[in-house]
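# A look at the structure
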Amino acid sequence: MIDEKLEPIFDDVVRRNPGEVEFHQAVREVLDSLGPVIAKNPDYAEQKIIQRICEPERQIIFRVPWSDDNGEVHINRGMRVEFNSALGPYKGGLRFHPSVNLGIVKFLGFEQIFKNALTSLPIGGGKGGADFDPKGRSDDEIMRFCQSFMLELHRHLGERTDVPAGDTGVGVREIGWLFGQYKRITNRYESGVLTGKGVEWGGALVRNEATGYGLVFFLEEMLASAGKTLDGRTVVVSGSGNVAVHAIEKAQQHGALVVACSDSSGFVHDPAGLQLDVLKDVKLSRRKRISVYADEVGSATFVERGNIWTLLCDVALPCATQNELTRRDAELLARNGCIAVAEGANMPCTPDAIQMFESAGVAFGPGKAANAGGVATSALEMQQNASRDSWTFEHTERRLAEIMVSIHRLCHERSEQYGTPGNLVHGANIAGFERVARAMSALGLV
Ligand SMILES: NC(=O)C1=CN([C@@H]2O[C@H](COP(=O)(O)OP(=O)(O)OC[C@H]3O[C@@H](n4cnc5c(N)ncnc54)[C@H](O)[C@@H]3O)[C@@H](O)[C@H]2O)C=CC1
Ligand SMILES: O=C(O)CCC(=O)C(=O)O
């Protein structure tokens, strides 16, 4: 429940941003946690810190024209929301997906402010993307799209200004085409302007794996605070993209049996445990539908359009997309004995699903904390670019693990200090907000 003093702020956000339902949802969740913080720090109310945080510093919307392999012209809409730069340059990924609109980019950018603050690294919050659907497009078409997108976006970027990375539909391949075009337009090898680059051209080892790996490090901390471990647990993961595959990899390394994953066509169930090499080959290399995994692995079945959350598991890791896990799914998971849920995707659980987990005693790790390993490792990539250095895999993974442990500790401590022990949603919102609010307050009315 939003504190009654903060209710008018939320109403104003809804009025000023009509129809942007995902953005409203993300704001509501944060404001829900902030009543006690504002009561303790009346200066923040006077300085209208919350109202300022809810208003992006800058929103850029632009036309992206490109032509397909048959010469037909297409027009997409590109956007970048530069939300908050109190802690550092705007930082956050680019999403290419037909569902992208301003409300989606704003929800993602808003979440990113608090997530980035939780890493304790010097990065502000931003997000971008386009309503472009890469599915079924040739490499040439996607490259032309990336080049056209960057032709406009480049003027807003810079290693000290705004530093995008990947997200849904944007991986190392697209970052390559975006970086190549930036370099060509500006005539500068400005490595720190994008992260998630290939390791041969300025990228950092571990960035590709970082979100999924970080999720599992965070999950281990959640379980440890209840005296449990991941070893021997049955895990279900939704999605089969960058985050999902690397979460599966790290969960397996920690002794879990991961029995299912999905894509937008359905899920595969492999009670023997997913074969990671086959999964990576099908989804990341050949970019096929998930059903191909079941065609190639005898122990697996494919369930078209099926609901993955009906499967029995100890741990659920939603790693696909926003609002993919509803209250009904949460009830089912709890009833089936699930003990922990950690969000690899951004906002994959609906608010009433989260409430359900809380009331059923299922440990819950919110995305802005649990999936912060990706952006944290992006900040480590920026550090390496700035110092013209490159670290080993082992060193970088150790840094990632330390960051995830410290994010969990911070969220846990704040949840206790503010009277909701173990509620990591409150802990994450409060800890992230505190860091941004202190910086905004120090920087004056800007
Ligand atoms: N890539 C990164 O470093 C980070 C990504 N995230 C979030 O993680 C989520 C996944 O991102 P990536 O793995 O990078 O994207 P991706 O493009 O590599 O993979 C997305 C996956 O989700 C699946 N998917 C999409 N809609 C689905 C649906 N309705 N049902 C089942 N599967 C569906 C796709 O088929 C694909 O397998 C997104 O919410 C993203 O914002 C969060 C933090 C960092
Ligand atoms: O690495 C980054 O800059 C962004 C990662 C991202 O988009 C996210 O955390 O949701």
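Naming follows an unreviewed UniProt entry, where the protein chain appears as Glutamate dehydrogenase of Ilumatobacter coccineus. In the Subunit (unreviewed entry) part of its UniProt record, the protein chain is described as follows: "Homohexamer." A UniProt comment under Sequence similarities (unreviewed entry) is attached to the protein chain, and it reads "Belongs to the Glu/Leu/Phe/Val dehydrogenases family."

### Observations concerning the overall build of the protein chain
Along its length, the protein chain carries 17 helices and 12 strands. Here the C-alpha radius of gyration of the protein chain, 21 Å, is about what a compact globule of 446 residues would show, namely 22 Å. Evaluated residue by residue, the protein chain yields a buried proportion of 53% over its 446 residues. The contacts of the protein chain with a sequence gap of at least 6 include a subset with a gap of at least 24, amounting to 73%.

### Points about the UniProt feature "binding site: substrate" (unreviewed entry) in the protein chain
Cross-referencing UniProt, the feature "binding site: substrate" (unreviewed entry) maps to Lys91, Gln112, Lys115, Gly166 and Ser378 in the present numbering. Turning to its location among the elements, Gly166 is positioned in the loop between strand 5 (162-165) and helix 7 (172-186). If near-sequence neighbours (up to four positions away) are discounted, Gly166 is found in contact with Gly93, Leu94, Gly171, Glu174, Ile175 and Gly196. Tracing the chain through its elements places Ser378 in helix 15 (residues 373-386).

### Comments concerning the site of ligand 1
Taken together, 24 residues form the shell around ligand 1, and within it Gly241, Asp263, Ala320, Ala345 and Gly374 come nearest. Of all the elements in the fold, those that place two or more residues in the shell around ligand 1 are helix 9 (242-253) and strand 7 (257-263). Looking at which element gives the most residues to the shell around ligand 1, the answer is helix 9, with 3 residues. Residue composition of the shell around ligand 1, by class: 5 nonpolar, 16 polar and 3 charged. Counting residues domain by domain, the shell around ligand 1 receives three or more from each of domain 2 (58-190) and domain 3 (208-370).

### Remarks on the site of ligand 2
Residues in contact with ligand 2, as listed here, are Lys91, Gly92, Gly93, Gln112, Lys115, Ala165, Asp167, Thr195, Asn346, Gly374, Val375 and Ser378. Those elements that provide at least two residues to the shell around ligand 2 are strand 3 (90-96), helix 5 (102-118) and helix 15. Of the residues assigned to the shell around ligand 2, the class counts are 2 nonpolar, 7 polar and 3 charged.

### Description of the sheet that holds strand 1 (residues 58-67)
Reading across the sheet, the 5 strands line up as 1-2-4-3-5 and stay open at both edges, with mixed pairing between neighbours. Sheet topology places strand 1 and strand 5 at the edges, where each strand pairs with a single neighbour. Going from strand to strand, the sheet's axes swing by 20° on average, the running direction of each strand aside. As defined by bridge partners, strand 3 adjoins strand 4 (residues 125-130) across 3 bridges and the pair is classed as parallel. What sits directly across from Leu94, in strand 4, is Gly128. Contacts between helix 6 (residues 139-153) and the sheet are confined to strand 1, strand 2 (73-84) and strand 4, with strand 1 contributing the most and set at about 145° to the helix.

### Some remarks on the UniProt feature "site: Important for catalysis" (unreviewed entry) in the protein chain
The feature "site: Important for catalysis" (unreviewed entry), as given by UniProt, occupies Asp167 in the numbering adopted here. Inspection of the secondary structure assignment puts Asp167 in the loop between strand 5 and helix 7. In contact with Asp167, not counting residues within four places along its chain, are Gly93, Leu94, Arg95 and Gly129.

### A closer look at helix 6
Between the first and last C-alpha of helix 6 there are 21 Å, a value that for 15 residues agrees with the 21 Å anticipated at 1.5 Å per step. Regarding helix 6, the residues found buried are Phe145, Cys146, Ser148, Phe149, Met150 and Leu153. Packing partners of the buried residues in helix 6 comprise strand 1, strand 2, strand 4 and helix 7.

### Focus on unusual backbone geometry
If a residue is not glycine, its phi is most likely negative; likewise, a peptide bond is most likely trans. The phi angle at Lys48 is positive, at roughly 50°, despite the residue not being glycine. Positionally, Lys48 belongs in the loop between helix 3 (42-46) and helix 4 (49-53). Overall, the presence of 14 C-beta atoms within 10 Å leaves Lys48 in the partly exposed class. The phi angle at Asn187 is positive, at roughly 55°, despite the residue not being glycine.

### Looking at the sheet that holds strand 9 (residues 301-304)
With respect to topology, 7 strands assemble into an open sheet ordered 9-8-7-6-10-11-12, the strand pairing being mixed. This sheet does not close on itself; its edge strands, each paired only once, are strand 9 and strand 12 (363-365). Averaged over all neighbouring strand pairs, the angle between strand axes comes to 15°, with direction disregarded.

### Some details on the domain arrangement of the protein chain
Domain annotation of the protein chain identifies domain 1 (7-51), domain 2 (58-190) and domain 3 (208-370). Computed from C-alpha atoms alone, the centre-to-centre distance between domain 1 and domain 2 is 27 Å. Contacts between the two partners involve 9 residues from domain 1, matched on the other side by 8 residues from domain 2.

### So, the environment of Leu87
Tracing the backbone shows Leu87 in the loop between strand 2 and strand 3. Using a count of 22 C-beta atoms within 10 Å as the deciding quantity, one classes Leu87 as buried.

Conventions and cut-offs
- Residues numbered from 1 in each chain as written.
- Chains lettered and ligands numbered in written order.
- Predicted model: local features only at pLDDT ≥ 70, side-chain atom pairs only at ≥ 80, totals over all residues.
- UniProt positions renumbered as here; feature names shortened; annotations may be inferred.
- Helix = DSSP H or I, 4+ residues; strand = E, 2+ residues; numbered from the N terminus.
- Rg over C-alpha atoms; globule rule 2.2 N^0.38 Å.
- Buried ≥ 20, exposed ≤ 12 C-beta atoms within 10 Å, placed from the backbone.
- Contact = placed C-beta atoms within 7 Å.
- Near = placed C-beta within 6 Å.
- Nonpolar A, V, L, I, M, F, W, Y, C, P; charged D, E, K, R; others polar.
- Domains from an automatic or database assignment.
- Pairing = 2+ DSSP bridges.
- Axes fitted to C-alpha atoms, helices over the stretch in contact; angles between N-to-C directions.
- Expected span 1.5 Å × (residues − 1).

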